[in-house]
Amino acid sequence: MNSREDRIEDERLFDVDLRNLDREWARHPKQYHHYRMCLADARAEHELAKANRDLVAAELSLEIRREPARFGLVKITEDTVEKTVLIQKRYREAQDQVINTRHAVDVLEGMASALEHKKKALEMEVQLFLADYFSEPRNPKGYSREQMDEAMYQAKKRGDGR
């Protein structure tokens, strides 16, 4: 599991520096690729963990059928064999590994999804930038700051200002 510091660092991936949109766009494909590759690796680990758990279950099932007394069984039925497999330490450890690898897959799927949202946010930020959303108000030539303030005040009084 990631440490708290790792999680904080991961969350910083989603911050968008509005003053450096070009750098944000340049970094984004590498970030996305990194987490998709990690996700692919985590999925492979998860599948291996599931295969190992199934192997452990099969081996335990055979052992139980060969030597039921060793497992405290007198009568063997499918149900008792299945239940006895589930309580064995080797099986529980293998099952824990399946759960842990599934968690890793879920976390990385969340990261990949969040990076897709970041891509959309970057697209929208660029659109806002191109529409001069972040521009500073400009003073028309020839007007002083006081004249601009007075014009704004009068517009508000008339109700046609914001």
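Small disclaimer: the values here were computed from a predicted structure and weren't measured.

What counts, and at which threshold
Residues numbered from 1 in each chain as written. Predicted model: local features only at pLDDT ≥ 70, side-chain atom pairs only at ≥ 80, totals over all residues. Heavy atoms only, no water. Buried < 20%, exposed > 50% of the residue type's maximum accessible area, 1.4 Å probe, protein only. Helix = DSSP H or I, 4+ residues; strand = E, 2+ residues; numbered from the N terminus. Arc of directions from axis to C-beta. Contact = heavy atoms within 4.5 Å. Salt bridge = Lys/Arg side-chain N within 4 Å of Asp/Glu carboxyl O.

> Teacher, can you tell me more about helix 3 (residues 78-86) here?
It helps to recall that an α-helix has 3.6 residues per turn; residues three or four apart then point in one direction. Along helix 3, the positions that sit buried rather than exposed are Val-81, Thr-84 and Val-85. Down the axis of helix 3, the buried set is contained in an arc of 105°. They therefore lie on one face. Contact partners of the buried residues in helix 3: helix 2 (21-66) and helix 4 (89-130).

> Explanation requested: the environment of Glu-78 in the structure shown.
As for its placement among the helices and strands, Glu-78 is situated in helix 3. You can call Glu-78 partly exposed: its relative accessible area is 49%.

> For this particular structure, what's the right way to read the side chain of Glu-24?
Along the chain, Glu-24 falls in helix 2. Here Glu-24 falls in the buried class, since its relative accessible area comes to 4%. Beyond its immediate chain neighbours, meaning those up to four positions away, Glu-24 contacts Asp-15, Val-16, Asp-17, Lys-118 and Leu-122.

> What am I meant to see in the pattern of salt bridges here?
Note that side chains of opposite charge can pair when their charged atoms are close. This model, assessed by the stated rule, comprises 15 salt bridges. Note that Glu-47 and Lys-50 form a salt bridge whose closest N and O atoms lie 3.2 Å from each other. Separated by three residues within a single helix, Glu-47 and Lys-50 lie in helix 2, roughly one turn from each other. Looking at Lys-50, the relative accessible area reads 27%, which means it is partly exposed. Put simply, Arg-53 and Asp-54 hold a salt bridge, and the shortest N to O gap is 3.3 Å. Given the relative accessible area of 45%, Asp-54 is considered partly exposed. Ionic contacts of the salt-bridge type, sharing partners, join the residues Glu-59, Glu-63, Glu-67, Arg-70 and Arg-90 into one network.

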